Amino acid sequence: MFRIAPSILSANFAKLGEEITNVLDSGADIIHFDVMDNHYVPNLTIGPLVCEAIRPLTKAMIDVHLMVEPVDRIVPDFAKAGANIISFHPEASNHIDRTIGLIKEQGCKAGLVFNPATPLSYLDHILDKLDLILIMSVNPGFGGQKFIPEALNKLRAVRQRIEASGKKDILLEIDGGVKVDNIAEIARAGADTFVAGSAIYGAGKDSDPHRYDTVLAAMRSELAKVK
């Protein structure tokens, strides 16, 4: 099963609730919620109050990607705000195992995020405790960047680790530069969950609530070709 997770980083924030409702009605599966702190990454986005505001709009999973340092302080806030999955970068935690435990204690699924230059060796110690692994195919901080092809090799390596572990329910997510013309290749490399921001939210005219239908259908069509 493949899941498409539009990143609200590329949505129209003047009518965010409407944007989220429309994209889910058009067939998206998960809402990807990018949190940036102008410290760990050179950008500043949104916090738990926005997550709390959108939670009543949908029963879909809210996948919170924390690009903040330090990370532990804000985990309980997002759990309370309604996050289902909370992912963080190993560089942003002094004790990765403890942060994973904190996320789960708050009732959320835990994910670990790997930047293009972050080694996968962290997985040697905590793979069995994760619910999601997110591979960044761009350097985090801004939307609309170009896909880094080396991410495909990283996906293949992580997929092998997941299969060897026996924990096949771990989601393998990709984020950055995902588009209709590369989503099938990314899926063949092992991803099952696809974050797409500008490729989805930038589609069509902003006034058309069904403008996401075409691009989401095209992504589904490409994924259907993957064996």
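Before reading on, note that the structure itself is shown above.
Residues numbered from 1 in each chain as written. Predicted model: local features only at pLDDT ≥ 70, side-chain atom pairs only at ≥ 80, totals over all residues. Heavy atoms only, no water.

**Regarding the pairing of strand 8 (residues 193–196)**
Neither face of strand 8 is left uncovered, since the one carrying Thr193 and Val195 and the one carrying Phe194 and Ala196 both have all their residues buried. Sheet analysis places strand 1 (residues 3–6) next to strand 8, joined by 4 bridges and oriented parallel. Within the sheet, the bridge partner assigned to isoleucine 4 lies in strand 8 and is phenylalanine 194. Of the strand pairs in this sheet, strand 7 (residues 171–175) and strand 8 are connected by 3 bridges, and their pairing is parallel. Among the inter-strand pairings, aspartate 175 is bridged to a residue of strand 8, identified as valine 195. Once the chain exits strand 7 it traverses helix 7 (residues 183–188) before rejoining the sheet at strand 8, and the crossover so formed is right-handed. (Buried < 20%, exposed > 50% of the residue type's maximum accessible area, 1.4 Å probe, protein only. Helix = DSSP H or I, 4+ residues; strand = E, 2+ residues; numbered from the N terminus. Pairing = 2+ DSSP bridges. Right-handed = clockwise from strand over helix to strand, strands pointing away.)

**Description of the sheet that holds strand 2 (residues 30–36)**
Spatially, 8 strands are ordered 1-8-7-6-5-4-3-2 in an open sheet, and the strand pairing comes out parallel. Each of the sheet's edge strands pairs with one partner strand only, and the pair in question is strand 1 and strand 2. On average, adjacent strands in this sheet sit at an angle of 25° to one another, irrespective of strand direction. Across 4 bridges, the pairing between strand 5 (residues 109–114) and strand 6 (residues 132–136) is parallel. Bridging from a neighbouring strand, valine 113 pairs with leucine 134 of strand 6. (Axes fitted to C-alpha atoms, helices over the stretch in contact; angles between N-to-C directions.)

**As for the pattern of salt bridges**
In total, this model carries 10 salt bridges according to the counting rule given. Of the charged contacts, one joins aspartate 192 and arginine 3 as a salt bridge, the two residues approaching to 4.0 Å between their closest N and O atoms. With a gap of 189 residues between them, aspartate 192 in the loop between helix 7 and strand 8 and arginine 3 in strand 1 connect regions that are remote in the sequence. With relative accessibility at 21%, the residue arginine 3 sits in the partly exposed group. When salt bridges that share partners are traced, they join Arg3, Arg159, Glu163, Lys168 and Asp192 into one network. (Salt bridge = Lys/Arg side-chain N within 4 Å of Asp/Glu carboxyl O.)

**Describing the pairing of strand 7**
In terms of burial, strand 7 is largely enclosed, as 5 of its 5 residues are buried. Burial of strand 7 is two-sided: the residues Leu171, Glu173 and Asp175 facing one way and the residues Leu172 and Ile174 facing the other way are all buried. Bridge analysis of strand 6 against strand 7 gives 5 bridges, and the strand direction is parallel. The residue bridging leucine 132 from the neighbouring strand is leucine 171, located in strand 7. With respect to chirality, the unit in which strand 6 leads through helix 6 (residues 151–165) into the neighbouring parallel strand 7 is right-handed.

**Some points on the side chain of aspartate 192**
Look at aspartate 192 and you get buried, because its relative accessible area is 11%. Within the structure, the side chain of aspartate 192 is placed 3.1 Å from the side chain of arginine 159, a separation counted as a polar contact. (Polar contact = N/O pair within 3.5 Å; in protein donor to acceptor, adjacent residues only side chain to side chain.)

**Describing the nonpolar core**
Within the largest apolar cluster, 74 residues are counted, with the highest numbers of intra-cluster contacts made by Phe33, Val64, Ile86, Ile133, Ile135 and Ile174. Not counting residues up to four positions away in its chain, the partners in contact with isoleucine 86 are Val64, Leu66, Val75, Phe78, Ala79, Ile103, Cys108, Lys109, Ala110 and Gly111. Judged by nonpolar contacts, the second largest core, of 7 residues, contains Ile85, Val113, Leu132 and Leu171. (Core = buried A, V, L, I, M, F, W, Y, C linked by side-chain atoms within 4.5 Å. Contact = heavy atoms within 4.5 Å.)

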